[in-house]
Structures are given as structure tokens and as C-alpha cells.
Amino acid sequence: MSETQEFWLISAPNLPGADIFDQVNQKTAKENSLSENKKFNTPALRVGTLNSLITLNDELQKIDTIVEATTKKIARQLVDLVGTKPGKDKSLSINGHTIPQYLQQFAWDDAKYNLKLSLQEIVEKISSDNLATVNQVVQAVSKIDDDLKLKSSEYSTLSSSVASEERKASGNLQVRTLNDLITADNIVQTDYFTTAFVVIPKQSEKEFLACYETISDFVLGRSAKRVAQDNDYFLYSVILFKKFYENFKTKIVEKKWVVRDFKLEDNKPTQERSKLTEDKKNCRTSLIRWCRLNFPEAFMAWVHLKVVRVFVESVLRFGIPFNFQAILMKPQKGADKKVRDILFDQFKYLGSAHISGKNETDDSEKFYPYISVSVNWEN
């Protein structure tokens, strides 16, 4: 994921005879083309006591961070596997919709997060499948993250094993594995005879063929057979008596040639490499399927959590009965400050001495006279 795409969920109290959305949209979209805006329907959730709201509000940001991190991990893993950017890959869709479409068409999932539940119960359900306390949310939310780590680790281990085997199969005949080059037909192995495999430079072939029969005792005449070749070397097999193998090997080394020790059972790694490759393929397919299944669930839970944050902060800031309007905003690239300035001028009547939003240049947490919760995504 590369290009950051930021959405803002803002809310402010409605005024008699005035539509807050129309006012914001007029200033930021129609007059200045600085932002794309859409009314955002926030359901009337069960409030509970003021103390419970304050406690929940303190926990929400922490839970939000955890759910966001898990959601983005799944997305990054999926993008790594399919090799495309999220903006161009339909894998990161939410019930057939792109991320912007899902946000613009958001509707509270009452079947999953029943509005009859308390806010605390909804947050727990979003993060932890109805665990008893918010303190247990971190452990429950991390389950999906643990599953991802486990599956990713398995895939990474298989990928490393396959890469290691592929490295063994690369290089020249002096160093690469011979498992896929030598077959049972190339080997003579009896109580008395054995087969030596010799790697020689191509320019030394004539010299080798002229001397290999006499370079050591008891080498079978005319037994040399070319088994394989690469750009620089030939691989030959030579049959000789077992008891003279080490002597033959010494003489070959003196010629600056190489004897590659090989046994027939060494051919098993070829089958193992094929199995590793197949296991990696299957694991990749399984991990892609898992990510495609879990990403929408995680993202939808994250957005529902954002809605709860907007609702809770709006109630704490503006009070009850509920009379506020939420707006989804997508500022144009580079227009963030201009949009913030417009919103500040529009809603500064809601603020107090410690709340500001205009001309802030530091990276500290900002406070605005209206509610503002960001949904940062990358594509």
C-alpha cells in the first residue's frame, strides 16, 4: 500500500432551521472544491451512564488502534501475496464495494451489532466476540492477529525452504546439487565397483578423456560417460574399483578437477523440493483465501468502531437529547489545512479557550470545536 487516502468523520450539533451538512458542503465542496462530502448516518445507540461513557471513551482509542493495525496487516499480507496495489485489486473489497464506496454507503449492521446492546457490549462484540469486559478486548482482538502471524510464518518458512533448495540447484556443476541430473542409469554400484562423478572445464575434455583410464589403478576402460554440462563445465561418470576410489579422487584433484561425491539415495531431496514447492503453493492459496475472508470482517468492525467513537464523543461534547449530524469527508490531496480552517470558522462558536484547529503546525494531538475521527487508508 503506498498512497495514503484519508477520510474524516466529523459531527456537529444541528441548528434550528439549518442543515449542517448543506453548510459544510457549500463551503468545502461547492464553493471551493476542497472535499467530497456525504451525510453519514449514525444510529442512536444506548448511552448508559455518564461515567460509563467517559470510561469507554478512554478505551476506544486504544481498541481503535489495535483493530486498525490488525486490519492493515491483513491488507498488506494480501497485497504481498497477489502482487497488486489495493486500489487495483478487487481482493480488498467489502461485500463487492471498494473501500470508499463502503464508507459512502455505510449502514449500521444491526444483525451483527444489535442496537439494543449497550455501547460497551457493542465494542466488546466488535473486538472480542462478546467477552465480559473491555479489559479482555486486547486479548480477543489479537486472536485474528495471531492467526495471521501463524499462517504468515508458515508461508514464510516454506518460501525460505523453497528458495534454499532453488539456490542449491543454481550455480555451476562444481557447486550445484546433482540430484536432478544423476539418475540410477548413470550409476554402477556393486560389491566391487563404484561410480565417480568428475567435473572438468570444457577446454580440458580432451585431456581428461586421454588420461582418466591411467590416472589411477583399476579404472574401467572406456567407461567415461558425459552426464551433464553447463556453460563452463562437463560432468562425467567413470566406473572403477571401490578400493581405489580415494586414490582416483586424489589424482583428479591434482589435475585441478573436481570429484563430486554422490550416492543414489541422495536423489531424495529432489522429491522433497518438489513437495516443498507444492506445499508452498497450497499454503499461499490458503493464506490468500484466509485474508480475503477476514479482511472485510476486520475492516467493517473497524468502521463500526469509528462510528461508536463519533457517537460517544458527540454525546460527551454536545449532550443529550441527540441532535447532531455526522458527515463523511474526503479532502482533496493537499487541501487538509484549508478544509480545517473552513470548519474552524464554521464551528468556532462550539469551542472554548483550549480548543483550536487553525494554524496548528505541530504534531501534537489536535482538538477541534467539532468532533473529528480520521479513517486513514492506503491504496
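One structure accompanies this document, and this report is about it. (Residues numbered from 1 in each chain as written. Predicted model: local features only at pLDDT ≥ 70, side-chain atom pairs only at ≥ 80, totals over all residues. Heavy atoms only, no water.)

Quick look at the sheet that holds strand β5 (residues 233–241)
Here we have 4 strands laid out as an open sheet, ordered β4-β5-β3-β6, and antiparallel in their pairing. Either end of the sheet is taken by a strand with one partner, and the two such strands are β4 (225–229) and β6 (258–259). Inspection of the sheet shows strand β3 (residues 193–201) paired to β5 by 9 bridges, in the antiparallel sense. The residue of β5 that forms the bridge with Ala196 is Val238. On the sheet, helix α7 (residues 245–254) packs against β3, β5 and β6 and is oriented at approximately 5° with respect to β3. (Pairing = 2+ DSSP bridges. Helix = DSSP H or I, 4+ residues; strand = E, 2+ residues; numbered from the N terminus. Contact = heavy atoms within 4.5 Å. Axes fitted to C-alpha atoms, helices over the stretch in contact; angles between N-to-C directions.)

With respect to the nonpolar core
If you look at the biggest cluster of nonpolar residues, it comprises 55 residues, and the most contacted ones within it are Trp108, Leu119, Phe295, Phe299 and Val308. When contributions to this core are tallied by element, the ones reaching two or more residues are β1 (4–13), α2 (50–82), α3 (99–104), α4 (119–128), α5 (137–168), α8 (268–318), β7 (324–331) and β8 (371–378). Element by element, the count of residues in this core is highest for α8, at 19 residues. Leaving out residues up to four positions away in the same chain, Val308 has contacts with Leu45, Leu60, Trp108, Leu119, Ile122 and Val123. (Core = buried A, V, L, I, M, F, W, Y, C linked by side-chain atoms within 4.5 Å. Buried < 20%, exposed > 50% of the residue type's maximum accessible area, 1.4 Å probe, protein only.)

Thoughts on the pairing of β7
Most of β7 sits out of view: 7 of its 8 residues are buried. Note: strand β2 (residues 35–40) against β7, 6 bridges, orientation antiparallel. Each residue of the ladder has a partner; that of Phe40, found in β7, is Ala326.

What about α2?
Taking 1.5 Å of rise per residue, 33 residues should cover 48 Å, and α2 covers 47 Å from first to last C-alpha, within 8% of that figure. Within α2, the axis deviates most sharply at Leu60, by approximately 30°. Phi turns positive one or two residues past the end of α2, at Gly83, with a value near 75°. (Expected span 1.5 Å × (residues − 1). Bend = angle between axes of the 7 residues up to and from the residue.)

Description of a nonpolar patch on the surface
On the surface, Leu50, Ile54 and Leu316 cluster together into a nonpolar patch covering about 250 Å² of accessible area. Note that Leu316 resides in helix α8. Since its relative accessible area comes to 30%, Leu316 is described here as partly exposed. (Patch = residues over 30% accessible without salt bridge, like charges linked within 9 Å, V, L, I, M, F, W, Y side chains within 5 Å. Areas by Shrake-Rupley, 256 points an atom, 1.4 Å probe, with all protein chains shown as cover. Salt bridge = Lys/Arg side-chain N within 4 Å of Asp/Glu carboxyl O.)

As for the packing of aromatic side chains
Summed over all chains, the structure comprises 19 aromatic pairs. Judged by centre distance (4.6 Å) and plane angle (45°), the ring pair of Phe193 and Phe241 falls under tilted. One end of the pair, Phe193, is in strand β3; the other, Phe241, is in strand β5, with 48 residues separating them in the sequence. Geometrically, the ring pair formed by Phe218 and Phe241 is edge-to-face, given 5.3 Å between the ring centres and 70° between the ring planes. Note that Phe218 is positioned in the loop between α6 (205–211) and β4 and Phe241 in strand β5, a separation of 23 residues in sequence. A network of ring pairs unites the aromatic residues Phe40, Tyr102, Phe106, Phe295, Phe299, Trp302 and Trp377 as a single cluster. Over the ring of Phe234 we find Arg226, and its NZ or CZ is 4.0 Å from the ring centre. Above the ring of Tyr368, the side-chain terminus of Arg340 is found at 4.1 Å from the ring centroid. (Phe/Tyr/Trp six-rings, centres within 6.5 Å; stacked < 30°, edge-to-face > 60°. Lys NZ or Arg CZ within 6 Å of the ring centre and 35° of its normal.)

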